[in-house]
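Given next are the chains, with one letter for each unit.
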Amino acid sequence: MAAEGFQDMSGNGELDESSAHEVHVSPPTEMPEENSSATEAPTEPTCPEPDPFPMPQAAEDDVEMPADFERLWKAASDNPQDFTSWTDLLQYCEQESHVAASRRALEAFLARYPLCYGYWKKFADLERREGLNIKAEEVCIQGLRVIPLSVDLWIHYINLLLGTLDMNLPESHPRIRSVFENAVQAAGLDFHSDRLWDLYVEWEKEQGNMRNATAVLDRVLKVPTQLYNTHYEKFKEHLNSHEPKEVLSPEEYEELRLLCRQSQKAERAEQAQEEEQERPPGEEEPATPDGVDTELKQKIREQVLIRRDKVYQHNEGEVRNRWHFEDAIKRPYFHVKPLDRLQLRTWHSYLDWEISELNRDTKETIKDPNQAATEETEVTAQPQEGSEGATVVHDDHRVRILFERCLIACALYEEFWTRYTRYLESQSVDEARAVFRRACEIHLTHKPNIHLHWATFEERHGDLNEARRVLDALDKTLPRLAVVVLRRVALERRAGQLDQSEALLQAAVAESKERPTLHAFYSIKLARLLLKLGRNPSRARRVLQEALEISPDNDKLHLNLLELEVSEDPWASVEAVQECVTRALAAPLASHTKILLSQRGLQFAEDYSSSIQSVLSVYEEHQKLLKELGGTKREAENGDEDPEKLNKGDDNSAVAASEQTPPTVPHVPITTPPPPVVGADMSTQGGYGAYSSWYQQPQYSSYGYQNTWNYNQGYYPPS
């Protein structure tokens with residue numbers, strides 16, 4: 001299953017040859033549970049982990065290309081993620097029948113989209129038409145390394161060998177059989193692998209190896225596939241068309257022959273006893289019937305079918321459990337078009353179910369370690385040890401096969417790759433790392449999240465150099481991405497390389513001067529690193545001041561500089577705090593920001609100033625600011641920025657004051673709050689003593705400035 005190709009082709013990049021062979025199969029009917037029994041699993045596939053493949057370099061550099069090749073090539077090369085540009089290029093090369101151009105385009109395309117099995121077949125056919133059979137085989141092998149679950153590509157490879165190998169040579173048959181074994185081991189558990197199994201059986205029959213054909217049929221009878229019932233019918237036909245001795249293994253045939261002969265002798269003895277009692281005296285015993293051998297063969301066939309029927313019923317239950325998942329999967333092949341949410345949920349649900357089945361089987365096996373051996377049937381296509389380990393490994397392999405199938409259809413979705421790595425990590429770190437490499441280096445080269453997961457994975461397992469390499473490669477692929485820069489900084493900081501962390505942030509600050517918002521973001525990060533970890537407030541202050549020269553209207557820079565100043569020695573930083581507030585009030589900031597900064601400066605003066613004169617001076621400046629900006633202390637304290645609410649608040653407070661507040665004496669500054677006037681609205685107390693009303697509010701009770709360092713905004717700077 002792979003990607004769609006040309007517009008006049010099928011969804012696999014080739015003519016739809018398999019549609020004529022598809023058979024509609026209805027879901028299996030419910031079978032009684034007592035008819036089901038555990039069967040021996042087929043030989044565990046040894047599907048190799050697909051690795052990045054080396055594409056052969058085109059040797060036709062000096063060959064003249066078709067007229068429009070360079071134009072189409074440039075369009076695809078400039079935007080390699082545009083799938084349509086690639087298909088236009090490939091279609092043009094095919095129409096021109098230009099071998100060198102087609103080879104160059106296919107190599108580049110398959111390096112970017114290796115899951116498109118139809119184009120691997122086209123590439124192999126191209127080499128075969130040129131008489132390069134060895135290169136055609138190499139192309140198929142490269143494709144199968146990347147997409148080993150492609151039944152169509154395996155069949156294409158096998159047909160290629162059947163058409164090019166000299167079958168008179170003694171090594172040809174073993175090689176074909178070896179390829180068949182690799183194919184069924186890699187893709188035989190796929191729900192749609194029926195054509196591969198059928199081809200294997202028919203080839204063995206053509207070679208006259210009826211026992212081998214029976215062994216293959218025995219194996220497929222245990223695999224839940226779409227056409228599971230047709231395999232059982234073919235087994236019956238195969239058994240009835242040949243002598244039992246020709247199709248059964250010597251061990252099974254001898255076992256069943258003895259069993260049936262004993263049963264036959266017992267029946268004949270009982271029948272003879274009854275006939276002897278009824279035979280007239282003096283009459284001789286009749287001779288043995290001529291059809292005894294035929295009757296024995298029929299009994300052997302019946303015993304074979306009785307045993308296989310148990311296997312069939314168990315397999316039918318497995319198919320029934322998976323049918324609604326398989327039926328809901330509408331696009332099992334790769335394509336760049338997004339999948340709908342229903343398809344994504346189906347894959348997640350299917351994986352959940354398969355993993356739950358594995359966990360259930362594992363618990364049952366641990367509970368009864370002899371269960372696997374006691375439930376084995378007598379029929380074994382390939383003898384295996386009935387052990388707990390074998391059962392768990394087989395079930396786990398089925399989960400992995402489903403993950404691999406999912407990663408074909410959902411190759412462009414990070415969530416499935418990360419889920420697969422989490423599943424593998426507890427079993428094998430190397431296998432999980434290989435999946436990360438496939439995802440990040442082939443399929444998701446421009447998706448940052450999966451790369452960040454990979455770097456975290458490597459750091460968690462102690463490979464800091466690999467984590468650095470992953471992040472550095474991502475930074476080159478997606479330059480100036482803030483989340484990548486900060487993750488690199490954090491990695492070096494955790495590794496104890498503070499100098500390297502500082503250097504990365506300094507480089508980010510220097511490179512972002514043309515983007516003021518991003519420059520301020522990195523400057524705040526650098527200042528915080530210098531202050532908190534470098535213990536160097538002077539350098540941190542200089543970084544923020546330089547950033548303010550570029551972005552004087554950035555309120556976050558002013559707030560962080562103010563926090564830096566108030567965190568210093570209070571006896572030495574009074575002037576620095578007031579200077580910071582004065583700079584902010586002169587900057588083009590919003591009114592509510594200026595009021596907030598002024599209030600914090602007033603709070604600092606109240607807490608740490610050494611004279612009442614300085615406190616009163618700051619207080620008077622704050623009152624002037626409130627009058628200039630047309631607000632009130634209460635509104636500024638509540639952070640109400642809506643002009644309508646501000647005006648409404650002014651009207652309401654004025655009415656309340658006129659109705660409730662009696663005439664008061666002229667305001668005289670004092671150092672302690674006066675007692676409240678009975679019935680008075682404290683919002684109208686404009687004197688310095690009323691300063692305690694907002695000072696006591698929870699949000700101003702400490703220097704816990706909200707979101708000062710923007711940690712709640714993630715790694716990305718605000719737009």
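Parameters at a glance
- The residue count restarts for each chain, going from 1 along the sequence in the order it is written.
- In keeping with the model being predicted, local features are shown solely for residues with a pLDDT of at least 70 and side-chain atom pairs are shown and tallied solely at 80 or more, while totals for entire chains, interfaces and linings include all residues.
- Calculated side-chain values reflect all of the structure's heavy atoms, with hydrogen atoms and water omitted.
- Helical segments are the DSSP runs of H or I of at least four residues, strand segments are the runs of E of at least two, and each set is numbered from the N terminus.
- Burial here depends on accessible area, computed with a 1.4 Å probe over protein chains only, as a share of the maximum for the residue type. Under 20% is buried, over 50% is exposed, and the range in between is partly exposed.
- Contact between two residues is taken to exist if any of their heavy atoms lie within 4.5 Å; hydrogens are not considered.
- Areas reported as accessible are Shrake-Rupley estimates using a 1.4 Å probe. Residue values count occlusion only from the protein chains shown.
- Two rings from Phe, Tyr or Trp (for Trp, the six-membered ring) form a pair when their centres are within 6.5 Å of each other. A pair whose planes differ by under 30 degrees is stacked, one over 60 is edge-to-face, and the rest are tilted.
- Think of it as a cone above the ring: NZ of Lys or CZ of Arg counts as a charge over the ring if it is within 6 Å of the ring centre and within 35 degrees of the ring normal.
- pLDDT measures the predictor's confidence residue by residue and takes values from 0 up to 100.
- Axes here mean lines fitted to C-alpha atoms, for a helix over just the part in contact, with angles spanning 0 to 180 degrees between N-to-C directions.
- Convention used here: angles under 35 degrees read as roughly parallel, angles over 145 as roughly antiparallel, angles from 65 to 115 as roughly perpendicular, and any remaining angle as oblique.
- The sense of a crossing depends on the near helix, which, turned anticlockwise from the far helix by less than a right angle, makes the crossing left-handed and, turned clockwise, makes it right-handed.
- All residues other than Ala, Val, Leu, Ile, Met, Phe, Trp, Tyr, Cys, Pro, Asp, Glu, Lys and Arg, Gly among them, are scored as polar; the first ten of these are nonpolar and the last four charged.

Things to note about the overall build of the chain
Here is step 1 of the chain: Within the chain, the regular secondary structure consists of 31 helices and zero strands.
Here is step 2 of the chain: In the chain, which comprises 719 residues, the proportion classed as buried is 45%.
Here is step 3 of the chain: Sequence-distant contacts, at least 24 apart, represent 67% of the contacts inside the chain between residues at least 6 apart.
Here is step 4 of the chain: If you sum the accessible surface of the chain, you get close to 36800 Å²; carbon and sulfur atoms cover 49% of it.

A word on the packing of aromatic side chains
Here is step 1 of the chain: The full count for this structure, using the stated rule, is 21 aromatic pairs.
Here is step 2 of the chain: The interplanar angle of 65° and the centroid separation of 4.9 Å between the aromatic rings of F109 and Y119 together place this pair among those described as edge-to-face. Linking F109 in helix α3 (residues 99–112) with Y119 in helix α4 (residues 117–129), this pair joins segments that are 10 residues apart in sequence. For the pair shown, F109 and Y119 are each scored as buried.
Here is step 3 of the chain: An aromatic cluster is built from F69, W73, F83, W86, F109, Y113, Y119 and F334, whose rings are joined through pairwise contacts.
Here is step 4 of the chain: The side chain of R104 reaches across the aromatic face of W73, ending 4.2 Å from its centre.
Here is step 5 of the chain: Seen from the ring of Y113, R112 lies directly overhead, with NZ or CZ sitting 5.0 Å from the centre.

Description of the confidence of the model for the chain
Here is step 1 of the chain: The share of residues in the chain with pLDDT of 70 or more is 70%, and the mean pLDDT across the chain is 78.
Here is step 2 of the chain: Counting interchain partners and residues more than four positions distant, the pLDDT-below-50 stretch residues 287–292 has three contacts.
Here is step 3 of the chain: Throughout residues 371–394 the model reports pLDDT below 50, and contacts reaching past four residues in sequence, or to other chains, amount to 47 contacts.

So, the packing of helix α8 (residues 194–206) against helix α9 (residues 210–220)
Here is step 1 of the chain: Relative orientation of the contacting elements α8 and α9 amounts to 165°, with a least axis distance of 7 Å. Overall, the two elements α8 and α9 adopt an arrangement that is roughly antiparallel. Pair α8 / α9 crosses with left-handed handedness. Of the residues in α9, those in contact with W197, Y200, V201, E204 and K205 of α8 are M210, N212, A213, V216, L217, R219 and V220.
Here is step 2 of the chain: In terms of residue class, the contact of α8 with α9 is made up of eight nonpolar, one polar and three charged.

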